[in-house]
Amino acid sequence: MQKNIIDTKKLEAVLKQAHSTAESDQSGANASYIPALAKVPSNLFGLTAVTADGTVLETGDSSYPFAIESISKVFSMALVMEAVGAQEMLKKVGADPTGLPFNSVMALELHRGKPLSPLVNAGAMATVSLLPAANADEKWQKILDGYSQFAGHSLEVMDAVYTSEAATNSHNKGIAWLMSSYGTLYDDPDTTCDIYTKQCSIAITCKDLAVMGSTLANGGVNPITGKAIINPEFLPHIFAEMTMEGLYGASGDFAYTVGLPGKSGVGGGLLAVVPGQLALSAFSPRLDPIGNSVRGQKAMRFISDALDLSLYR
Ligand SMILES: NC(=O)CC[C@H](N)C(=O)O
């Protein structure tokens, strides 16, 4: 694929400026509906950029492990498209914003159980349910291996987060069962919700996240390991969906101000991708009311402005 590699000296300087600009913002709060996430030190803040030719630039707390949470939805979407194709994803899960919170039951009710997007909880569980596997263990292994390939090394579940989330995920279980009642979930609801919960509990660092994103930026080839992880034909669908629903009710705001496909997680992670060029990641646990990292969004806005990265220019 055509690469247009950015000036890394400039990128490094901008990353540092973005960090010091966004750092003063102490607004927002850790996610508290998952008790383990409430305990993460709120003041942590890391930023990383990985270019499509594998240069890694980091600043702040970029090697602190945190839970991937909803950013996982992007990588499960990729793995499942690889297995069942883009048309099947579109037909069974959808590709539209819900206009409602990420765990909205009403969004499902309004569309006869169709989740609309693989990037909301319902759609992410539908996505997991579509992954072909002989049993739950094999399915989980496929997901964990797939994410590890994106990151370029073996990833692991954060047990404290998984235990905490599994003990408090009755709302997600309800969503899985509701989809099952509509015929829009394609595997056992409890098993599917459990695998989804586990995928959300995978530990990553800011650097891991930017490497995972750079694999998307680099035509599906991990620029660090050189391994082809995903067929490039799926990338435009992933980027489109990240743009439409990656930050839920703030996706439009993010497209308007940053102009890049993005994805947030309630663990405080945020990913943005410049196709063909680089991926940017942020980690800062304080979230806005929608569930997106406050400093992460601020930093991405700063970097996009400074380097003129919006895809809509
Ligand atoms: N937006 C998020 O990161 C939500 C993920 C979280 N695991 C949940 O299901 O609620």
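Residues numbered from 1 in each chain as written. Predicted model: local features only at pLDDT ≥ 70, side-chain atom pairs only at ≥ 80, totals over all residues. Heavy atoms only, no water.

Colleague: Before we go on, may I ask you to explain the site of the ligand in this structure?
Modeller: Within the structure, the ligand sits among Tyr33, Glu69, Ser70, Phe102, Asn121, Glu165, Asn172, Tyr196, Cys200, Tyr248, Gly265 and Val266. With respect to the ligand, the side chain of Asn121 contributes an N or O atom lying 3.1 Å from an oxygen atom. Contact distances for the ligand include 2.8 Å between an oxygen atom and a backbone N or O atom of Val266. Against a free-state accessible area of 290 Å², the protein chains account for coverage of 99% of the ligand. Split by residue class, the shell around the ligand holds six nonpolar, four polar and two charged. Formed jointly, the shell around the ligand draws a minimum of three residues from each of two domains, domain 1 (8–66 + 205–307) and domain 2 (70–200). (Near = heavy atom within 4 Å. Polar contact = N/O pair within 3.5 Å; in protein donor to acceptor, adjacent residues only side chain to side chain. Areas by Shrake-Rupley, 256 points an atom, 1.4 Å probe, with all protein chains shown as cover. Nonpolar A, V, L, I, M, F, W, Y, C, P; charged D, E, K, R; others polar. Domains from an automatic or database assignment.)

Colleague: Would you explain the packing of aromatic side chains in this entry?
Modeller: Any pair of aromatic rings gets described here by the distance separating the centres and the angle formed by the planes. What the rule picks out here adds up to six aromatic pairs. Ring centres 6.2 Å apart and planes at 65 degrees place the aromatic pair Phe75 and Tyr147 in the edge-to-face group. Residue Phe75 is found in helix α3 (residues 72–84), and its partner Tyr147 is found in helix α7 (residues 136–151); the two are separated by 72 residues along the sequence. Here Phe75 falls in the buried class, since its relative accessible area comes to 0%. Of the residues examined, Tyr147 reaches a relative accessible area of 0% and is grouped as buried. Both rings, one in Phe102 and one in Tyr248, keep their centres 5.1 Å apart while their planes meet at 45 degrees; by these two values the pair is tilted. You can see Phe102 sitting in the loop between α4 (86–92) and α5 (105–110) and its partner Tyr248 sitting in the loop between α12 (235–245) and α13 (251–257), a full 146 residues away along the chain. Per residue, the accessibility class of Phe102 equals that of Tyr248, and both read buried. A connected cluster of aromatic rings, assembled from ring pairs, spans Tyr33, Phe102 and Tyr248. The ring of Tyr186 has Lys92 sitting right over it, with the charged end atom 4.9 Å from the ring centre. (Phe/Tyr/Trp six-rings, centres within 6.5 Å; stacked < 30°, edge-to-face > 60°. Helix = DSSP H or I, 4+ residues; strand = E, 2+ residues; numbered from the N terminus. Buried < 20%, exposed > 50% of the residue type's maximum accessible area, 1.4 Å probe, protein only. Lys NZ or Arg CZ within 6 Å of the ring centre and 35° of its normal.)

Colleague: Even after reading the chapter, I still don't get the sheet that holds strand β1 (residues 46–51), so can you show me in this structure?
Modeller: What links the strands of a sheet is backbone hydrogen bonding, and the strands pair in either a parallel or an antiparallel sense. Pairing in this open sheet of five strands is antiparallel, and the strands run β2-β1-β7-β6-β5 from one edge to the other. This sheet does not close on itself; its edge strands, each paired only once, are β2 (56–60) and β5 (262–264). Across the sheet, the mean angle from the axis of one strand to that of its neighbour is 10 degrees, orientation sign disregarded. Sheet topology places β1 next to β2; five bridges connect them, and they run antiparallel. Bridging from a neighbouring strand, Val50 pairs with Val56 of β2. Strand contacts of helix α11 (residues 206–217): β1, β2, β6 (269–274) and β7 (278–283), with the helix running at about 155 degrees to β7, the strand carrying the most contacts. (Pairing = 2+ DSSP bridges. Axes fitted to C-alpha atoms, helices over the stretch in contact; angles between N-to-C directions. Contact = heavy atoms within 4.5 Å.)

Colleague: Explain the domain arrangement of the protein to me, please; I cannot follow it from the model alone.
Modeller: Think of interface size as the accessible area that goes away when the parts come together; that is how it is often given. Structurally, the protein comprises domain 1 (8–66 + 205–307) and domain 2 (70–200). Note on domain 1 versus domain 2: buried area summed over both sides is about 2900 Å², and carbon and sulfur give 73% of it. One can count zero salt bridges joining domain 1 with domain 2. Here domain 1 and domain 2 share 10 residue pairs in polar contact (both at pLDDT 80 or more) between them. When residues of the side of domain 1 that touches domain 2 are traced back to their parent elements, those giving at least two are α2 (35–38), α11, α12, β5 and β6. (Buried area = accessible area lost by both parts, 1.4 Å probe. Salt bridge = Lys/Arg side-chain N within 4 Å of Asp/Glu carboxyl O.)

Colleague: For this particular structure, what's the right way to read the packing of α3 against helix α6 (residues 121–130)?
Modeller: Think of two packed helices as two axes; the pair is described by the angle between the axes and how far apart they sit. Across the interface, α3 lies against α6 with an axial gap of 9 Å and an inter-helix angle of 35 degrees. Here α3 runs over α6; the crossing is left-handed. Of the residues in α6, those touching α3 at Lys73, Ser76, Met77, Val80 and Val84 are Asn121, Ala124, Thr127 and Leu130. Of the residues belonging to the contact of α3 with α6, the class tally is five nonpolar, three polar and one charged. (Left-handed = near helix turned anticlockwise from the far one by under 90°.)

Colleague: For this particular structure, what's the right way to read unusual backbone geometry?
Modeller: Residues apart from glycine generally show negative phi values, whereas peptide bonds are mostly found in trans. Despite not being glycine, Arg112 shows a phi value in the positive range, around 50 degrees. Its relative accessible area of 63% is what places Arg112 among the exposed residues. Of note, the phi angle at Tyr248 is positive, near 55 degrees, even though the residue is not glycine. According to the relative accessible area criterion, Tyr248 is buried, its value standing at 5%.

Colleague: Explain the packing of α3 against helix α10 (residues 189–200) to me, please; I cannot follow it from the model alone.
Modeller: The interhelical angle for the contact between α3 and α10, taken along N-to-C directions, is 120 degrees, at an axis separation of 9 Å. Our classification of the angle between α3 and α10 gives oblique. Remark: the crossing between α3 and α10 carries right-handed chirality. Facing Ser72, Lys73 and Ser76 of α3, the residues of α10 in contact are Tyr196, Gln199 and Cys200. The residue inventory of the contact of α3 with α10, partitioned by class, reads two nonpolar, three polar and one charged. (Parallel < 35°, antiparallel > 145°, perpendicular 65-115°, else oblique.)

Colleague: Where do I start with the environment of Lys207 in this structure?
Modeller: With respect to the element layout, Lys207 can be found in helix α11. Judged by relative accessible area, which is 35%, Lys207 ranks as partly exposed. Placed 75 residues apart in sequence, Lys207 and Ala282 show a C-alpha to C-alpha distance of 9.0 Å. Leaving out residues up to four positions away in the same chain, Lys207 has contacts with Thr48, Val56, Glu58 and Ser62.

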